[in-house]
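If you want the building blocks of each chain, they are given just below.
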Amino acid sequence: MNTEVTTGGELTTPIEMPGEFSPNPVISKGDGSPVVFLHGPFGQEWPGYLDDLATDHRVYAPAHPGAEDPTDLTRLDHLWDLVLYYDELFHCLELGRIDLVGHSFGGMVAAEIAATYPDRVRRLVLLDSMGLWLDECPVEEHVTVSPDVLHQLLYANPEAPEVAQRLTAPDDLAAAQAAMVRQFSATAATAHFTHPIPERGLSTRLHRIRAETLLLWGAQDGLVPPIYATEFQRQIADAQVALIDNAGHYPYLEQRIDVSRRTREFLA
Amino acid sequence: MKNIWFHMQGYRDLPDDFRDRYESIWVNPPNDELCDPATVGKYLNWNLDELEMADDLGFDGIGTNEHHQNGYGFPVSPHMTAAVLAHRKSDAAICLLGSTLPTYPPMRVAEELAAIDCMSGGRLIAGWPVGSAMDTVGNFGIPPTQVRPRYYEAHDLIKAAWTKPGPFPFNGKYTKLRYVNPWPKPIQKPHPPIWLAGGGSLETYHFAARNNYTYNYLSFHGYHAAQALMQGYWDVIESYGDLDDNPYRAGFAQLICVADTDAEAEKLYWRHIRNFFDKSMYIPSHFAMPPGYLTRASYENMLKKTGSATPFRADRWGPDATWGTTVEDHAVVVAGSPDTVAQRLTEAVRGLRIGHLICILQIQSMDPQLTEYSTRLFAEKVMPKISHLWDDEGYVDHWWPSGATRNARRGDSPVVAAGGQA
């Protein structure tokens, strides 16, 4: 098995998938009960937040399929296919019961998994999750939108150092181009399941979720406004909400300490 | 060489401060602020009058395209326009370039185009573009990664509906039908000529080559800028080994303005050219090139070519553009006296190696009188100088509708390839 060690000590391990899918480059770190993190629409990542979770848990951060190898998408027509894909990936990782953390698009997928396999998920954390739709407060657009507008939607304070660092392209042109292609590919691979409106009937399935659920939401999220935290709470049997002030769509980036503490306490 | 008079059917009165007030000409320019229904009624009738005028002036074909929710051109259904033209007694081709397949239930296209072919006596050219990102992803909400798969499947279904005896079942990913059995099928056999339109993607070159279709480059940047791209197409054709270099395999759209003299042309048309590029080409990259609309390989190629780390490029049309740079230096628009225009178009037709010239002589804000003036000069003084191009070499247009017999050249007929499929 090829592995790649990155700076924080986390390992990238290409997990062979059945069914002609390309290997999934799962990043993992830590010891303890398993936590799976499903990333948002802009690509696989290992934020400091996951380092924090890895102090108590074995954390796995897979990549949504299709970003690296777009032909994977030809075998994934609907969100249902994606839920089955993750079921297979969890089998390949030899995971039984897990805690599942999903952000944004990843939250939508995590909620679908928890509703489809209610016994597989022990605790569910949804961060600024897509998946529902309220006519009076639409989820904003993230695919056909200019970078400037998108940044305003995503961050409470785009000038804060942790955000600015994320938004700064590498100095090296080839590295900057590669980063842009990776982000475009990842966005395309998730938009495959959600464009133009990230709602595919989840509200008819949320009642099936049996996992205790924590809804962590940036109070200034412009993409998926906090009213959606309330809506998820209304529809999930056992759910609590924590609004994180001074945070937009990435509360674990803008308010890492608070979000990590709340998540670790909930998963303890 | 064939001349097709082509109408883009734009909104002719957009405010001068359009760019300051709005984000884009396409997808989200607010309809209630900009698009007056009574005015549109007037324009739609002008558009038809102008197409009929071009028919009367002897163009080989007349045509239009399909776009949605924009001021640049909104022929919401080219089939509607074509139905009006088909009802008219004529021997000109009706060139639809064309029906944006991913946005339709495919059988609506199969039926409606067949009906137009029947009504017109076999004069239909069925052009099938993949569709702009603005229309497919922006306006019709198709996930970018599904635009081409939907296009290819719709193509296969419509072609089968036209060529196989009905009824038969079709089990596609996006369309599932127990009974494919369109009433009617087209008059033209095996089917009307299918034309492709593209903006340089390799996938479309190969699709044209594999199916023996014509490829049309719909550009607004003129024949100089198109040279490299069309050469790319011809290189692909050559790479197949068994396809000839018949120029009728290719078409090109060119903005054209004709006046009595070069100076008169500048006086009459410059403000319309400026208006068109200022407003109609005002499309931000996040609508024109959303993630997934091009393949990953194409994005990598594009960034490499432009030497940029972002696809969100700056607008190419600047306030410093002049008649000199736009017309004389770069031939973005071919404009001037009939002699100037004929000389430049001869260069374009030879240089790009095209058999079908798609003439854009109505440029958005031009009124019907000016449109007729330019069109009439083109028909009477330019066409006679360029229509004979390729005749001496003996090339035959295999991609022309069999019922469009105007100016027929020796051997014009739809091609029948192996297996009887054109």
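Look up: the structure comes first, before these words.
Just so you know, the residues in each chain are numbered from 1, in the order the chain's sequence is written. Here the convention is simple: chains get letters from A, ligands get numbers from 1, in the order in which they are written. Thresholds applied to this predicted model are a pLDDT of at least 70 for local features of residues and 80 or more for the giving and counting of side-chain atom pairs; totals over whole chains, interfaces and linings are not thresholded and use all residues. In computing side-chain values, all of the structure's heavy atoms are included and hydrogens and water are not.

1. Considerations on the overall build of chain A
Applicable threshold: Numbering of helices and strands starts at the N terminus; helices are DSSP runs of H or I of at least 4 residues and strands are runs of E of at least 2. In this description the radius of gyration comes from C-alpha coordinates, and the expected globular size is given by 2.2 Å times residues to the power 0.38. Accessibility here uses a 1.4 Å probe with only protein chains present; expressed as a share of the type maximum, an area under 20% marks a residue as buried, one over 50% as exposed, and anything in between as partly exposed.
Along its length, chain A carries 9 helices and 9 strands. Relative to a compact globule of 268 residues, whose C-alpha radius of gyration would be 18 Å, chain A shows 17 Å and is just as compact. Referenced to the eigenvectors of the C-alpha coordinate spread, the extents of chain A come out at roughly 45 × 40 × 35 Å. The buried share of chain A, taken over its 268 residues, is 57%.

2. Brief notes about the nonpolar core
To keep things clear, this is the line we draw: As used in this record, nonpolar core signifies buried Ala, Val, Leu, Ile, Met, Phe, Trp, Tyr and Cys residues forming a set joined through side-chain atoms within 4.5 Å. It only takes one pair of heavy atoms within 4.5 Å for two residues to be counted as in contact.
One finds F59, W128 and F378 of chain B to be the most contacted residues of the largest nonpolar core, which totals 132 residues. Setting aside residues no more than four positions away along its own chain, F59 of chain B makes contact with N3, I4, W5, A54, A92, C359, L361, T375, F378, A379, M383 and R406 of chain B.

3. Brief notes about the pairing of strand β1 (residues 2-7) of chain B
All names here are of chain B. Here is the rule we go by: Should DSSP find at least two bridges between two strands, the strands are regarded as paired.
Judged by how many residues are buried, β1 sits mostly within the fold: 6 of 6 residues are covered. In β1, alternate side chains face the same way, and those of K2, I4 and F6 on one face and N3, W5 and H7 on the other are all buried. The pairing of β1 with strand β11 (residues 356-360) spans 4 bridges and is classified as parallel. Counted as the bridge partner of N3 is L357 from β11. Pairing between β1 and strand β2 (residues 61-64): 4 bridges, direction parallel. Looking at β2, one finds that F6 is bridged to G63.

4. Remarks on the pattern of salt bridges
Working definition: two side chains of opposite charge can pair if their charged atoms are close together. Residues and elements named next belong to chain B. What counts here: By definition, a salt bridge exists where a carboxyl oxygen of Asp or Glu is found within 4 Å of a side-chain nitrogen of Lys or Arg.
Counted according to the given criterion, the structure contains 37 salt bridges over all chains. Here D244 and R249 are joined by a salt bridge, their closest N and O atoms 3.1 Å apart. Judged by relative accessible area, R249 falls into the buried class, the value being 4%. One salt bridge in this structure joins K267 and E264, with 3.8 Å as the shortest N-O distance. In this pair, K267 and E264 both sit in helix α10 (residues 262-280), 3 residues apart, roughly one turn of the helix.

5. Some thoughts on the interface of chain B and chain A
Cut-off, in case you're wondering: Under this definition, polar contacts are N or O atom pairs within 3.5 Å; protein pairs additionally need one hydrogen-donor-capable and one acceptor-capable atom, and for neighbouring residues in sequence, both atoms have to be side-chain atoms. Gly is placed with the polar residues, together with every amino acid not listed as nonpolar (Ala, Val, Leu, Ile, Met, Phe, Trp, Tyr, Cys and Pro) or charged (Asp, Glu, Lys and Arg).
Facing 25 residues of chain B, the contacting portion of chain A comprises 25 residues. Linking chain B with chain A are 2 salt bridges, by the criterion used here. Two residues, K173 of chain B and D77 of chain A, come together in a salt bridge whose shortest N-O distance is 2.7 Å. Scanning the region where chain B abuts chain A turns up 10 residue pairs in polar contact (both at pLDDT 80 or more). Elements that contribute at least two residues to the side of chain B that touches chain A include exactly α11 (285-288) and α12 (296-306) of chain B. Looking at the side of chain B that touches chain A, its residues break down into 13 nonpolar, 8 polar and 4 charged.

6. Here's the deal with the environment of D391 of chain B
All names here are of chain B. By the element assignment, D391 lies in the segment after α15 (368-386). When the C-alpha atoms of D391 and Y104 are compared, they prove to be 39 Å apart, with 287 residues separating the residues in sequence. In this view, D391 contacts M1, Y248 and R409; residues no more than four positions away in its chain are not counted.

7. Quick look at the sheet that holds strand β9 (residues 239-244) of chain A
Residue and element names in this part refer to chain A. With mixed pairing, 9 strands are arranged side by side in an open sheet as β1-β2-β3-β5-β4-β6-β7-β8-β9. On the outer flanks of this sheet lie β1 (4-5) and β9, each paired with one strand and no other. Pairing of strand β6 (residues 98-103) with strand β7 (residues 121-127), which is carried by 6 bridges, proceeds in the parallel orientation. Pairing of D99 across the sheet is with R123, part of β7.

8. Comments concerning the pairing of β7 of chain A
Residue and element names in this part refer to chain A. Put simply, the rule reads: We call a crossover right-handed when, viewed with the strands running away from us, the connection from the first strand over the helix to the second turns clockwise.
Most of β7 sits out of view: 6 of its 7 residues are buried. Between the parallel elements β6 and β7, the chain passes through helix α3 (residues 105-116) in a crossover that is right-handed. Inspection of the sheet shows β7 paired to strand β8 (residues 212-218) by 5 bridges, in the parallel sense. Bridged to V125 within β8 is L214.

9. Digging into α15 of chain B
Along an α-helix, residues three or four apart share an orientation, since each turn contains 3.6 residues. All names here are of chain B. Rules: In this scheme, the bend at a residue equals the angle between the axes fitted to the seven residues that finish there and the seven that begin there.
Maximal helix bending in α15 amounts to about 40 degrees, located at A379. Where α15 is concerned, the buried positions are P368, L370, T371, S374, T375, L377, F378, A379, V382, M383 and I386. For α15, the secondary structure elements touched by its buried residues are β1, α3 (37-56), β9 (250-258), α10, α14 (338-352) and β11. Between the side-chain oxygen at the start of α15 and the backbone nitrogen of Q369 there is a gap of 3.1 Å, and the oxygen is on D367.

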